[in-house]
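The lines below spell out each chain.
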Amino acid sequence: MNRQEALELLKQHLKNKNLIKHCLAVEACMRAVAVRMGQDPEPWGLAGILHDLDYELTEKSPDLHTTQTVPILREKGITEPVIHAVEAHAAKVPCESPMDWAIYSIDPLTGLIIAATLMHPDKKLASVDLEFVKRRYKEKSFAKGARREEIEECRMIPMELDDFISLCIGAMQGISADLGL
């Protein structure tokens, strides 16, 4: 499956524009981490863009998240490492590979970066930097859903937290028009 096909599949299954933007943000960050790790960014990007494919179907039953996605991905011929990463982001299977740890950590980090951006006076990703995000990161009451303990698992990729956050900010800044920020 190429990226355009993945994007079309995503839009078939998700109607919420913010959720689609979240998947695009995760995709951009996954691609950036893959490149940094010397990996092929294509499968990493597919995991990122497709990770929440069944979110709208399962949002009232979070324990079912990814159970609808996996059969769709298998039917489309998506490779098992990508499927495993999708399942790992929702803790349905243990994280084993750098791709698994990356998506597990990136998923909440993108939410934190977006929340921090929306707090910035001009609400633009271009104005957000590591220092600004780290100040918000340290505020326990800020963006509670962005679980810091999951973000910190970036060490398993392995990446240092500051480098990881900076890389993801840059990746999201690169698609700021798509994100509307």
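Residues numbered from 1 in each chain as written. Predicted model: local features only at pLDDT ≥ 70, side-chain atom pairs only at ≥ 80, totals over all residues. Heavy atoms only, no water.

Enquirer: Would you take a moment to explain the side chain of Thr110 for this structure?
Expert: Here Thr110 is to be found in helix H7 (residues 98-119). In this structure Thr110 touches His22, Ala25, Val26, Cys29 and Met172, once residues within four positions along its chain are discounted. (Helix = DSSP H or I, 4+ residues; strand = E, 2+ residues; numbered from the N terminus. Contact = heavy atoms within 4.5 Å.)

Enquirer: I keep staring at the nonpolar core and nothing clicks. Help me out?
Expert: Grouped burial of nonpolar side chains is what soluble globular proteins tend to show. Counting 64 residues, the largest nonpolar core has Met30, Val33, Leu50, Ile106 and Phe164 as the members making the most contacts within it. Secondary-structure elements contributing two or more residues to this core are helix H1 (3-13), helix H2 (17-36), helix H3 (41-50), helix H5 (69-75), helix H6 (80-89), H7, helix H8 (130-138) and helix H10 (161-173). Per-element accounting of this core gives the leading share, 12 residues, to H2. Residue contacts for Leu50: discarding those within four places in its chain leaves Met1, Ala6, Leu9, Thr69, Leu73 and Ile78. (Core = buried A, V, L, I, M, F, W, Y, C linked by side-chain atoms within 4.5 Å. Buried < 20%, exposed > 50% of the residue type's maximum accessible area, 1.4 Å probe, protein only.)

Enquirer: Any chance you could explain H6 here in plain terms?
Expert: Each α-helix turn comprises 3.6 residues. Residues three or four places apart therefore point the same way. In terms of residue burial, H6 counts as a mostly covered element, since 8 of its 10 residues are buried. Along H6, the positions that sit buried rather than exposed are Val82, Ile83, His84, Ala85, Val86, Glu87, Ala88 and His89. Taken together, the buried residues of H6 touch H3, H5 and H7. Count one or two residues on from H6 and you reach Ala91, which has phi positive near 60°.

Enquirer: Any chance you could explain the packing of H6 against H7 here in plain terms?
Expert: Two measures define how a pair of helices packs: the angle their axes make with one another and the distance between the axes. Packing of H6 against H7 leaves a shortest axis separation of 8 Å and a crossing angle of 35°. In the packing of H6 onto H7, the handedness of the crossing is right-handed. Each of Pro81, Val82, His84, Ala85, Ala88 and His89 in H6 lies in contact with H7, whose residues at this interface are Met99, Asp100, Ile103, Tyr104 and Asp107. By residue class, the composition of the contact of H6 with H7 is 7 nonpolar, 2 polar and 2 charged. (Axes fitted to C-alpha atoms, helices over the stretch in contact; angles between N-to-C directions. Left-handed = near helix turned anticlockwise from the far one by under 90°. Nonpolar A, V, L, I, M, F, W, Y, C, P; charged D, E, K, R; others polar.)

Enquirer: Quick question: what am I supposed to make of the environment of Lys76 here?
Expert: With respect to the helices and strands, Lys76 occurs in the loop between H5 and H6. Classification of Lys76 by relative accessible area gives partly exposed; the value is 42%. Considering only alpha carbons, one finds Lys76 and Met1, 75 residues apart in sequence, at a separation of 7.3 Å.

Enquirer: Can you walk me through unusual backbone geometry in this structure?
Expert: It is generally the case that most residues other than glycine have a negative phi and that most peptide bonds are trans. With omega at 10°, the peptide bond leading from Ile157 into Pro158 counts as cis. Positionally, Pro158 belongs in the loop between helix H9 (148-151) and H10. One non-glycine residue with positive phi stands out, namely Ala91, at about 60°. Relative to the elements of secondary structure, Ala91 occurs in the loop between H6 and H7. Of note in this structure, Ala143 is not a glycine but carries a positive phi near 45°. Within the fold, Ala143 resides in the loop between H8 and H9. Residue Ala143 is classed as partly exposed on the basis of its relative accessible area of 23%.

These values are about where atoms sit, not about what they do.
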